[in-house]
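Summary of structural features
For reference, the chains in residue letters:
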Amino acid sequence: MHLGKRDKFLYAVWNAAEPSGGMAADVNLDSERFCEAVEVGLYNTDGWVRFLLPVEFEAYQGAFDKEQRYAWEITKPGFPCVAEARLEILPFGRDVFNSVSGVIAGGPVGDFSFITIVKLHLEGVGWRILDTEMRADNSGSKEPIWLPLHRRVVAIVPRVGKSPLVFQTTPDGELDERGLHFVLDGENRELAISHLSRAVLTELGWLRDP
């Protein structure tokens with residue numbers, strides 16, 4: 001499971017890991033949720049990976065592609081697309097939205113989220129994971145200038161009979177050989193991950209009873 005890290009400028013929990021996502025800006029919630037997946041990307045030294053939507057949602061591929069290309073042009077200008085990988089929505093979670101299984105989690109400011117668990121079918125080695133979310137910087141310009149956030153991504157892996165491990169990546173998306181990898185237990189369950197992450201990890205059965 002990969003998670004992006006919230007920075008200190010966001011509300012609620014600071015510097016905590018949580019799934020990629022955001023707030024809908026359109027009533028077409030299916031299209032909106034897929035476009036939010038563009039907040040994380042995969043690449044190697046040659047170029048980036050184009051995500052293909054599940055076959056049943058191919059009608060949204062055009063809008064999804066536009067979002068992907070724009071995110072990569074901001075994050076790595078001129079970087080080419082070198083591979084494709086299909087997303088598969090897993091039938092996981094006790095909640096259902098528009099016939100899709102997932103996890104509903106309530107937030108600290110009266111918000112709620114529907115989190116979908118997906119699997120990426122990507123072959124080969126040497127792939128890196130990158131934060132491709134952007135923010136607008138309007139300083140000195142009447143038009144928004146989008147800037148990449150470049151936050152670090154962490155990977156959470158389960159262990160049989162034990163608490164999961166959290167692995168930190170470098171800013172370039174490789175496993176950080178000098179990173180602070182730690183066990184997700186005790187106070188870390190409240191401070192190192194957000195309420196969204198806890199909801200998913202609890203549903204997965206990865207978190208042990210305190």
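The following paragraphs examine the structure supplied in this document. (Residues numbered from 1 in each chain as written. Predicted model: local features only at pLDDT ≥ 70, side-chain atom pairs only at ≥ 80, totals over all residues. Heavy atoms only, no water.)

**A look at the sheet that holds strand β7 (residues 100-106)**
Across a sheet, paired strands are connected by hydrogen bonds in the backbone, their directions being either parallel or antiparallel. Judged by pairing direction, the sheet is antiparallel, and its three strands sit side by side in the order β6-β7-β8 without closing on themselves. Each having just a single partner strand, β6 (95-97) and β8 (112-115) make up the two edges of the open sheet. Each adjacent strand pair in this sheet contributes to an overall mean axis angle of 50 degrees, direction not counted. Bridge count between β6 and β7: three bridges; the pairing is antiparallel. Opposite F97, over in β7, you have V100 as the bridge partner. Most of the contacts of helix α4 (residues 195-204) go to β7, to which it runs at about 135 degrees, and overall it touches β7 and β8. (Pairing = 2+ DSSP bridges. Helix = DSSP H or I, 4+ residues; strand = E, 2+ residues; numbered from the N terminus. Axes fitted to C-alpha atoms, helices over the stretch in contact; angles between N-to-C directions. Contact = heavy atoms within 4.5 Å.)

**Some thoughts on the pairing of strand β3 (residues 40-43)**
Judged by which residues are buried, β3 turns out to be covered on both faces: V40 and L42 on one side and G41 and Y43 on the other are all buried. As judged from the four bridges shared by β3 and strand β10 (residues 128-131), these two strands associate in the antiparallel manner. Opposite L42, over in β10, you have I129 as the bridge partner. (Buried < 20%, exposed > 50% of the residue type's maximum accessible area, 1.4 Å probe, protein only.)

**What about the nonpolar core?**
By size, the foremost hydrophobic cluster in this structure holds 18 residues, and its most contacted members are F34, V49, F51 and F64. At the level of elements, β3, β4 (48-52), α2 (61-75) and β5 (81-89) are the ones that each hand at least two residues to this core. Sorting elements by how many residues they give to this core places β5 first, with four residues. Discounting residues that sit within four places of it in the chain, F64 has contacts with F34, C35, A37, V38, F51, L53 and L87. Core analysis: the next-biggest nonpolar cluster, separate from the first, contains eight residues, V154, I156, V166 and L184 among them. (Core = buried A, V, L, I, M, F, W, Y, C linked by side-chain atoms within 4.5 Å.)

**Some remarks on α4**
All buried positions along α4 are accounted for by H195, L196, S197, R198, V200 and L201. Two residues or fewer past α4, G205 is found with a positive phi of approximately 80 degrees.

**Details of helix α1 (residues 29-36)**
Think of an α-helix as 3.6 residues a turn; residues three or four steps apart then line up on the same face. Burial of α1 is extensive: six of the eight residues sit out of reach of the surface. Residues of α1 that are buried in the fold lie against α2 and β5.

**Some points on unusual backbone geometry**
In this model, N98 sits at a positive phi of 50 degrees, which is unusual for a non-glycine residue. As for its placement among the helices and strands, N98 is situated in the loop between β6 and β7. Look at N98 and you get partly exposed, because its relative accessible area is 46%. Backbone geometry places S99, a non-glycine residue, at a positive phi of 70 degrees.

Geometric descriptors of this kind do not, in isolation, establish any biological role.
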